[in-house]
Amino acid sequence: MEMQVTIKAKLKITNSETALSFSKTMEQYRQACNYVSEYIFNHDFDMKQSSLNKELYSKLRNLFSLKSQMAQSVIRTVIARYKTVKTQMSCRPYKYQDQNTGEWHREARNLTWLCKPISFNRPQVDLQRNRDWSYLSSGQLSINTLDGRAKADPVCHGFNQYFDGTWKFGLAKLLKSGNKWYLHISATKEVADFDKQEVKHVVGIDRGLRFLATAYDEQGKTAFFDGKAIMRKRAKYQKLRATLQAKGTKSAKRRLKKLSGRENRWMSDVNHRLSKTLVQKYGADTLFVLENLNGVSFERADLLKSLRSQNKSWAFYQLEQFLTYKAHLNNCEVVEVSAKYTSQRCPKCGVIKKDNRNHEKHEYHCANCSYRSNDDRIGAMNIQLLGTQYISGQEQPKFELTANA
């Protein structure tokens, strides 16, 4: 059995002479997306590619001077955006109060709740492999524009690793950030499916802020990845954001936008390095076990007020994504287990008691068997145990609160 691993390579384009053609193409593409979006909104959210092609293909080519493949890509781009919004709305149900009974109800929302068409404000162009973009033997990129093919010199450290014959390139996105142009290219590779029978290591990982990750393996060894320096830097970003928001000037808003991009890039780099370190530390045939954090609140009254927003906004999900694809490339796997009671259960006697954990001292002390340890380590130990149960054949292992607990 094999599975696919897809990554996104980000290439910087250095040729300044192509900028005018890129800008023209991108703006026409954006306007075409808004045209299709308005049509979908006004026709009961018809998102069938075939019917939209039949109705809009010729109009897109005539009104916006798009090439054949670009006209098709515009429709696909808009459909994908509407489907994404629909998924997000269903994940965040509408909450309302009954005027007669006073009871609160929750309902799953659909696209009919939209009061206006989805707007495409940030320009981008989706490019199909070999039709709209290609990689030349000279090392240059050939990119289709409304003015014809444009050659560009890409800059991407380590991009040559994707030319070993095992990777297949797909859709690319042409983007602009500031005065710089980028091409994001998807690359897919077939890798062997993970075999639970060949597992060498089961590693439980507890994610947090004081320690970005606490890893506990089957040999009883614990690895702590300190997050204090990260927290201090996040606090500086937050303080600077608050200062700029208080000013409210146009220049302050421009700085806020740049600051947001810089912080996001820094956070991504932290998660990339951490996930890479974890995969390299434990090697092939490792099962990494994480808590399923869906619906888990990180609101903590014991944290300083300046750190509470950090506790809610740290990119835990991004770390999981990075760890997953890096694990698959190294014959490892990542599974999620229930987060219920992992911070309250004693890993020695199995007693579950919330009061055993002291948040201020970051310590867990079992009142039943007197076992004492770092509270993040306790979480990692319990997560690792659930991973061991998964390997033994229990597909959805979780801890249950018993009567004597």
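It should be emphasised that the depicted structure is a prediction, and the values quoted were computed from it without experimental measurement. (Residues numbered from 1 in each chain as written. Predicted model: local features only at pLDDT ≥ 70, side-chain atom pairs only at ≥ 80, totals over all residues. Heavy atoms only, no water.)

Here we look at empty space enclosed by the protein
- Counted according to the given criterion, the structure contains two cavities of 30 Å³ or more.
- Taken as a whole, the largest cavity encloses approximately 40 Å³ of empty space.
- Tyr29, Arg30, Cys33, Arg81, Phe120, Arg122, Pro123 and Gln124 together form the lining of the largest cavity.
- No other element matches the three residues that helix H1 (residues 19-42) contributes to the lining of the largest cavity.
- Here the residues of the lining of the largest cavity sort into four nonpolar, one polar and three charged.
- Its volume calculated, the second largest cavity comes out at about 30 Å³.
- Residue lining of the second largest cavity: Ile205, Arg207, Leu278, Leu290, Leu319, Glu320 and Leu323, and that is the complete set.
- Per element, the largest residue contribution to the lining of the second largest cavity is three residues, and it comes from helix H7 (residues 316-329).
- Across the lining of the second largest cavity, the residue classes break down as five nonpolar, no polar and two charged. (1 Å grid on protein atoms, 1.4 Å probe; cavity = no way out; pocket = protein on both sides within 12 Å on 5 of 7 lines; lining within 4 Å. Points joined across faces, edges and corners; volume = space filled by probe spheres on them. Helix = DSSP H or I, 4+ residues; strand = E, 2+ residues; numbered from the N terminus. Nonpolar A, V, L, I, M, F, W, Y, C, P; charged D, E, K, R; others polar.)

Quick look at the side chain of Glu263
- Checked against the element boundaries, Glu263 lands in helix H5 (residues 250-282).
- Among the residues examined, Glu263 registers a relative accessible area of 5% and is labelled buried.
- Excluding anything up to four places from it in sequence, Glu263 contacts Arg234, Tyr237 and Arg241. (Buried < 20%, exposed > 50% of the residue type's maximum accessible area, 1.4 Å probe, protein only. Contact = heavy atoms within 4.5 Å.)

Side note on helix H4 (residues 228-247)
- Look at H4: 29 Å from first C-alpha to last across 20 residues, which is about the 28 Å you get at 1.5 Å a residue.
- Where H4 is concerned, the buried positions are Ile230, Met231, Arg234, Tyr237 and Leu244. Each buried residue of H4 lies within a common arc of 150 degrees when the element is viewed along its axis, so the set occupies one face. Residues of H4 that are exposed and angled more than 90 degrees away from the buried face: Arg232, Lys236, Lys239, Ala246 and Lys247.
- Remark: Gly248 follows H4 within two positions and exhibits a positive phi of approximately 75 degrees. (Expected span 1.5 Å × (residues − 1). Arc of directions from axis to C-beta.)

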